[in-house]
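# Structural characterization, general
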Amino acid sequence: MKPTPEEMTRYQAELEEQGYCLVHDALDPEHLREVREALVRVAAEEIANGTDYVYENGSNQRVWVLLNKGRLFEELVQDETALELVGHLLGPGFLLSNTNANIAGPGGKPMFLHSDTDYVPAPFPPYALVTNVMWFLDDFTDANGATRIVPMSHRRGHGPNYGKRYETVAVEGPAGTAMVFHGGLWHQTGPNRTESEKRHGILTYYCRPFMRQQENFFKSLKDEVLERATPRLRQLLGYDMWLGGVGAIGGLPRDAQRF
């Protein structure tokens, strides 16, 4: 269900103040079931054919370049509510930087604490350079490896000191929730302390239009994905020119914006 204007205003305020917001019921039950089943199937296929990215002694798995692995994932990166909240932080013309799945299984250890802006020299700019959306395909709990954060760390202007310990909290929520978070927020995959419960999540990661995307879609996308891409998806992938020549092909056309 699309949030009301009042709810969107609250989410935007939470993004600025807390560094993240939780949009409950961002995926309705049927859509949630379809996306989760598609991810489980793809993850199993990659293990079976030896193309998987499994780590933590088999506990955790990443599934990369989801755009190549089903139309449901193409639709997810274009979700209107998520894009509106991402646009609140990144402004117009932002790009899709990457989309992948993060599956945390029993025995998985916590990921190293980081921000998605750590490759930028400190101090970080006072505005978000990147924004992430974590889609909860299962209930996210402290026990099953929910994303952990250092609250309001997006305000610090730098990433964590990798030799230091910090107090983190688990961001819990029911399946179908979208966690939208500022790229400067310190976060990590939590440890999965359950005996048999896998925690499935999908990350759709966006960046400002002047930045290099994490995934080189021009090289990695299958032809059929681009052939059926909507105008919005093509723009998110970086196939449109932005402002006065970023992304130009063969120089500027006569009607390009001039400064």
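This write-up is about the structure you can find in this document. Model, not experiment: these values are computed from the prediction.

About the thresholds
- What you see as residue numbers is a count from 1 along each chain, following the sequence as written.
- Totals for whole chains, interfaces and linings use all residues, but because this is a predicted model, local features are given only for residues with pLDDT of at least 70 and pairs of side-chain atoms are given and counted only at 80 or more.
- The side-chain numbers reported here are obtained from all heavy atoms of the structure, hydrogens and water having been left aside.
- Two strands are counted as paired when DSSP detects at least two bridges linking them.
- Strands here are runs of E lasting at least two residues and helices are runs of H or I lasting at least four, both read from the DSSP assignment and numbered beginning at the N terminus.
- Any Lys or Arg side-chain nitrogen located within 4 Å of an Asp or Glu carboxyl oxygen qualifies as a salt bridge.
- Relative accessibility decides the category of a residue: with a 1.4 Å probe and only protein chains considered, values under 20% of the type maximum give buried, values over 50% give exposed, and everything between is partly exposed.
- Axis lines are fitted through C-alpha atoms, for helices just across the contact stretch, and the angle between N-to-C directions can take any value from 0 to 180 degrees.
- Every angle not falling under 35 degrees, over 145, or within 65 to 115 is termed oblique; those three ranges are roughly parallel, roughly antiparallel and roughly perpendicular.
- In this scheme the handedness of a crossing depends on how the near helix is turned from the far one: anticlockwise by less than a right angle means left-handed, clockwise means right-handed.
- Two residues form a contact once any of their heavy atoms are found within 4.5 Å.
- For this analysis, a polar contact is any N or O atom pair within 3.5 Å, provided that within protein one partner can donate a hydrogen and the other can accept it, and provided that sequence-adjacent residues contribute only side-chain to side-chain pairs.
- In this description, a nonpolar core means a group of buried Ala, Val, Leu, Ile, Met, Phe, Trp, Tyr and Cys residues linked to one another through side-chain atoms lying within 4.5 Å.

### Here we look at the sheet that holds strand β7 (residues 169–170)
Strand order in the open sheet made by the 3 strands is β7-β6-β9, with antiparallel pairing throughout. In this open sheet, the two strands that pair with only one neighbour each are β7 and β9 (187–188). One ladder, built from 2 bridges, connects strand β6 (residues 148–149) with β7; its direction is antiparallel. Across the sheet, the residue bridging to I149 is V169, located in β7.

### Some details on the pattern of salt bridges
Under the definition given, this model contains 9 salt bridges. The partner of K69 in a salt bridge is E46, with the nearest N and O atoms 2.7 Å apart. Of this pair, K69 sits in the loop between β3 (60–63) and α3 (71–76) while E46 is found in helix α2 (residues 29–49), placing the two residues 23 residues apart along the sequence. Since its relative accessible area comes to 26%, K69 is described here as partly exposed. A residue is classified by how much of its surface remains accessible, and E46, at 9% relative accessible area, is buried.

### Focus: the packing of helix α1 (residues 5–17) against helix α4 (residues 80–90)
Look at α1 against α4: their axes get within 10 Å of each other, and the N-to-C directions meet at 45°. It follows that α1 is oblique to α4 by the angle criterion. Where α1 crosses over α4, the handedness of that crossing is right-handed. Of the residues in α4, those in contact with M8, Y11, Q12, L15 and E16 of α1 are T81, E84, L85, H88 and L89.

### Structural notes on α4
Those residues of α4 that fall on the buried side of the exposure criterion are T81, A82, L83, L85, V86, L89 and L90. Where α4 is buried, its residues contact α1, β1 (20–23), β5 (130–136), β8 (178–182), β10 (199–207) and α7 (231–237). Its side-chain oxygen at 3.2 Å from the backbone nitrogen of T81, D79 defines the N-terminal cap of α4.

### Some words on the pairing of β3
Residues N60 and R62 of β3 are buried on one face, and the alternating residues Q61 and V63, pointing to the opposite face, are buried as well. Counting the residues between successive antiparallel strands, the hairpin from strand β2 (residues 53–55) to β3 contains 4 residues, one of them, E56, with a positive phi of roughly 55°. As defined by bridge partners, β3 adjoins strand β4 (residues 95–104) across 4 bridges and the pair is classed as antiparallel. From the neighbouring strand, N60 faces β4, where its bridge partner is A104.

### Concerning the sheet that holds β8
With respect to topology, 7 strands assemble into an open sheet ordered β1-β8-β5-β10-β4-β3-β2, the strand pairing being antiparallel. The strands lining the two open edges of the sheet, one partner per strand, are β1 and β2. Adjacent strand axes in the sheet meet at a mean angle of 20° when their direction is disregarded. Note that β2 and β3 share 3 bridges and pair antiparallel. Within the sheet, the bridge partner assigned to Y53 lies in β3 and is R62.

### Topic: the nonpolar core
Of all hydrophobic cores here, the largest spans 43 residues; its most connected members are L39, I202 and Y206. Ignoring sequence-local partners within four residues, the contact set of L39 consists of V63, L66, F73, A101, I103, L137, H200, G201 and I202. L22, M134, V171 and F181 belong to the second-largest nonpolar core, a separate cluster that totals 12 residues.

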